[in-house]
Amino acid sequence: MAHINIFDTTLRDGEQSPGVNLNKLEKLEIAKQLERLGVNIMEAGFPASSQGDFEAVRAIAQTIKDSSVTGLARTIKSDIDAAWDALKDAEEPRLHTFLATSPIHMTYKLKKTPNEVMETAVEMVKYARKKFPLVEWSAEDASRSDLDFLVSVVTKVIDAGATVINLPDTVGYTTPEEYGYMFRYMKENVPNIDKVALSAHCHNDLGMAVANSIAAIENGATQIEGTINGIGERAGNAALEEIAVALAIRGDKYNHSTNLVLQEIKRTSDLVSKLTGMNVPGNKAVVGQNAFAHESGIHQDGVLKEASTYEIITPEMVGIKSNNLVLGKHSGRHAFKDKVEQLGYELSEDKMMEAFKAFKQLTDRKKEVTDDDLFVILMNLQTDAVNAPKYELKAFQVQYGSSNIPTATVALKTPEGIHVESAGTGQGSVEAIYNTVEALVQEEIHLTDYQLKSVGSGRDALAEAHVQMTVNGIQVSGRGAGQDVLEASAHAFLNGVNRVLFNQTHSKRKSVHV
Ligand code: KIV
Ligand code: ZN
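Criteria and cut-off values
Residues numbered from 1 in each chain as written. Chains lettered and ligands numbered in written order. Predicted model: local features only at pLDDT ≥ 70, side-chain atom pairs only at ≥ 80, totals over all residues. Heavy atoms only, no water. Helix = DSSP H or I, 4+ residues; strand = E, 2+ residues; numbered from the N terminus. Expected span 1.5 Å × (residues − 1). Buried < 20%, exposed > 50% of the residue type's maximum accessible area, 1.4 Å probe, protein only. Lys, Arg positive; Asp, Glu negative; His and termini not counted. Salt bridge = Lys/Arg side-chain N within 4 Å of Asp/Glu carboxyl O. Polar contact = N/O pair within 3.5 Å; in protein donor to acceptor, adjacent residues only side chain to side chain. Contact = heavy atoms within 4.5 Å. Pairing = 2+ DSSP bridges. Axes fitted to C-alpha atoms, helices over the stretch in contact; angles between N-to-C directions. Donors = N, O, S within 2.8 Å, 3.2 Å for Na, K, Ca; no water. Phe/Tyr/Trp six-rings, centres within 6.5 Å; stacked < 30°, edge-to-face > 60°. Core = buried A, V, L, I, M, F, W, Y, C linked by side-chain atoms within 4.5 Å.

1. Describing helix H11 (residues 265-276)
Right, on to step 1. Relative to the 16 Å expected for twelve residues at 1.5 Å per residue, H11 spans 16 Å between its end C-alpha atoms, a close match to the ideal helical length.
Right, on to step 2. For H11, the buried fraction is high: ten of the twelve residues fall into the buried class.
Right, on to step 3. Three or more residues of H11 are buried, namely Ile265, Lys266, Thr268, Ser269, Leu271, Val272, Ser273, Lys274, Leu275 and Thr276.
Right, on to step 4. Backbone geometry just downstream of H11 places Gly277 in the positive-phi region, at approximately 75°.

Here you go:
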């Protein structure tokens with residue numbers, strides 16, 4: 001079987017999903033899980049885009065050892081310099097730089113002639129190679145570019161020192177047949193193409209990102225780029241878990257394999273979903289809640305007689321465990337530590353103590369503590385650990401009755417350490433809390449989405465709230481958990497406000513989006 005390198009861009013293209021903004025610790029947590037999943041390359045961010053992203057990329061580069069860490073840069077010296085500063089401590093520093101090659105992008109966005117594009121690409125790849133041993137160059141909007149222009153520019157960029165050539169379907173426009181043809185054309189017409197790895201990067205606007213990526217593999221691509229759960233700009237990127245499982249299940253047809261540890265897929269998907277606040281639809285291939293559920297009587301009967309009648313992927317293959325009941329009231333520190341480590345978390349002694357305390361508090365109110373509950377505890381710990389001034393919820397109370405106006409009283413500690421308290425009303429309990437918090441924090445907040453779900457099942461399940469909102473015009477998401485739905489809702493709202501505060505204090509570099 002031929003080998004396909006997996007390039008994960010969950011932390012860069014995935015983070016460009018509207019409303020998703022991960023802080024440094026959250027990115028680091030996902031990066032560690034991506035390393036366990038076995039991705040060959042991870043794109044940790046876009047260092048020149050903001051101070052926060054720069055620091056996250058640097059922390060990931062300094063921590064991750066088993067995957068190659070890369071960062072994005074426009075073909076601009078200052079972007080490449082920022083990427084080098086962030087990535088120089090990595091095991092294998094790698095740059096990803098890009099420039100558009102389609103007539104539409106060159107004319108309207110770049111306002112450059114094809115010759116100017118070619119010169120800039122060559123000059124910047126040469127510049128990058130003075131610092132980085134590995135340089136990937138992407139022909140942005142390759143799928144809408146003239147093939148012969150693409151051949152010329154790719155040939156020159158390889159001569160300039162690029163080690164990977166990526167041909168993205170930036171706007172998700174292409175079809176498997178066309179995209180496959182472009183790869184074949186490059187293989188047949190670029191004289192020095194064998195000196196580089198050839199990469200595919202597909203967006204899902206027409207729902208063909210995974211099919212297009214596989215077509216690229218069939219026509220010479222040796223690297224595939226995508227994200228976990230297919231998150232990303234607009235309709236998202238190719239879902240890496242789907243590609244890896246398709247190659248594994250249909251090895252008879254494709255004859256290519258990846259290094260991904262398939263049993264880590266579910267955990268990675270859960271982590272990304274929780275931290276980004278982007279729920280995985282129940283019918284999503286490979287990781288959706290219903291992907292292994294058999295509803296019709298005929299199917300159930302078939303599966304009971306012989307699973308392969310209707311089940312082509314087993315839940316175990318992608319790491320779904322049927323029983324994740326773990327700890328209870330009488331579980332001691334040792335068992336707790338073992339479980340946390342089994343879940344893949346490395347905590348300092350202090351953090352382990354803190355987590356154990358939170359676990360014990362939870363067992364006072366909840367008999368059975370599952371992996372999902374532990375996950376919430378560990379995630380809250382990470383969010384709280386962000387070392388920046390923030391609003392803290394000190395107390396709240398809500399009065400609700402079918403014939404009263406819902407009223408909330410909220411007490412907060414401000415980032416300056418001042419205790420503030422107020423009361424307010426709303427059409428419902430959540431709105432009453434949110435109106436009161438908004439008045440206390442004195443920011444202009446619009447809630448654009450609110451979702452509530454239980455963590456696992458049972459009447460005593462924890463509640464998890466996700467919000468999307470704008471704070472002074474900045475789009476942000478927030479996440480909170482609690483034993484009570486109102487507590488979870490209040491935490492999610494404040495979490496969103498705190499993220500904007502954090503970004504404001506950490507964005508000395510200007511904010512740039514690709
Ligand atoms: O979709 C795209 O073209 C990109 C580039 C930056 C590679 O994400
Ligand atoms: Zn992209």
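Here the narrative resumes, following the displayed structure.
2. Section: the side chain of Asp8
Right, on to step 1. On the secondary structure map, Asp8 appears in strand S2 (residues 5-8).
Right, on to step 2. For Asp8, which is buried and forms no salt bridge, the nearest opposite charge comes from Arg12, at a distance of 9.6 Å.
Right, on to step 3. Within the local environment of Asp8, its side chain forms a polar contact with the backbone nitrogen of Thr10, the two atoms lying 2.8 Å apart.
Right, on to step 4. Sequence-distant contacts of Asp8, defined by excluding residues within four places in its chain, comprise Leu34, Val39, Ile41, Met42, Glu43, Gly226, Thr227, Ile228 and Leu240.

3. Topic: the sheet that holds strand S5 (residues 94-100)
Right, on to step 1. Read once around its circumference, the closed barrel built from eight strands follows the order S2-S3-S4-S5-S6-S7-S8-S9, with strand pairing classed as parallel. Adjacent strand axes in the sheet meet at a mean angle of 25°, parallel and antiparallel pairs treated alike.
Right, on to step 2. Bridge count between strand S3 (residues 41-45) and strand S4 (residues 68-74): four bridges; the pairing is parallel. What sits directly across from Met42, in S4, is Val69.
Right, on to step 3. Sheet strands in contact with helix H8 (residues 209-218) are strand S7 (164-169), strand S8 (197-202) and strand S9 (223-226), and its direction is about 165° off that of S8.

4. A closer look at the pattern of salt bridges
Right, on to step 1. Scanning the model with the defined rule gives 25 salt bridges in all.
Right, on to step 2. The partner of Arg144 in a salt bridge is Asp141, with the nearest N and O atoms 3.1 Å apart.
Right, on to step 3. Arg144 sits in the partly exposed class, given a relative accessible area of 27%.
Right, on to step 4. Salt-bridge contacts for Lys351 lead to Glu354; the nearest nitrogen and oxygen are separated by 3.3 Å. Residue Lys351 and its partner Glu354 are both found in helix H14 (residues 349-365); the two are separated by three residues, about one turn of the helix.
Right, on to step 5. On the basis of relative accessible area, Glu354 is assigned to the partly exposed category, the value being 40%.
Right, on to step 6. Through salt bridges with shared partners, a single ionic network connects Arg12, Asp13 and Glu43.

5. Focus: the coordination of the zinc ion (ligand 2)
Right, on to step 1. Coordination of the zinc ion (ligand 2) by the protein involves Asp13 (OD), His201 (NE2) and His203 (NE2), with metal-donor separations of 2.0 to 2.1 Å.
Right, on to step 2. Each donor residue of the zinc ion (ligand 2) belongs to the same chain, and together they define the spacing D-x187-H-x1-H. Here Asp13 is found in the loop between S2 and helix H1 (24-37), whereas its partner His203 is found in the loop between S8 and H8, with 190 residues between them in sequence.
Right, on to step 3. Asp13 gets classed as buried once you look at its relative accessible area, which sits at 3%.

6. What to know about the packing of aromatic side chains
Right, on to step 1. Counting across every chain of the model gives eight aromatic pairs.
Right, on to step 2. Ring plane angle 25° and centroid distance 5.0 Å describe the contact between Phe336 and Phe359, whose orientation is recorded as stacked. Note that Phe336 is positioned in helix H13 (residues 333-342) and Phe359 in helix H14, a separation of 23 residues in sequence. We note that Phe336, like Phe359, is buried.

7. Points about the environment of Ala215
Right, on to step 1. When you line up the elements, Ala215 lands in helix H8.
Right, on to step 2. Judged by its relative accessible area of 6%, Ala215 falls in the buried class.
Right, on to step 3. With 37 residues separating them along the chain, Ala215 and Asp252 place their C-alpha atoms 15 Å apart.

8. Some details on the sheet that holds strand S18 (residues 474-482)
Right, on to step 1. In space, the three strands of this open sheet follow the order S16-S17-S18, with antiparallel pairing throughout. Edge positions in the sheet fall to strand S16 (445-455) and S18, since each of these pairs with one other strand and no more. The mean inter-strand angle of the sheet, taken between neighbouring strand axes irrespective of direction, is 15°.
Right, on to step 2. With nine bridges connecting them, strand S17 (residues 462-471) and S18 associate as antiparallel partners. Each residue of the ladder has a partner; that of Val471, found in S18, is Ile474.

9. Considerations on the environment of Asn472
Right, on to step 1. Along the chain, the position of Asn472 falls in the loop between S17 and S18.
Right, on to step 2. Along the backbone, Asn472 and Ile445 are 27 residues apart, and their C-alpha atoms lie at a distance of 6.3 Å.
Right, on to step 3. Beyond its immediate chain neighbours, meaning those up to four positions away, Asn472 contacts Glu443 and Glu444.

10. A short note on the nonpolar core
Right, on to step 1. The biggest cluster of nonpolar side chains holds 115 residues, and the ones touching the most others in it are Ile60, Trp137, Val157, Ile165, Leu167, Phe183 and Phe336.
Right, on to step 2. The element that contributes the greatest number of residues to this core is helix H5 (residues 114-129), accounting for eight residues.
Right, on to step 3. With residues near it in sequence (within four places) discarded, Ile60 still touches Leu11, Lys27, Leu28, Ala31, Met42, Ala44 and Val69.
Right, on to step 4. Membership of the second largest hydrophobic core comes to 27 residues, among which are Tyr391, Ala488, Phe493 and Leu501.

Just geometry here; none of it tells us what the structure is for.
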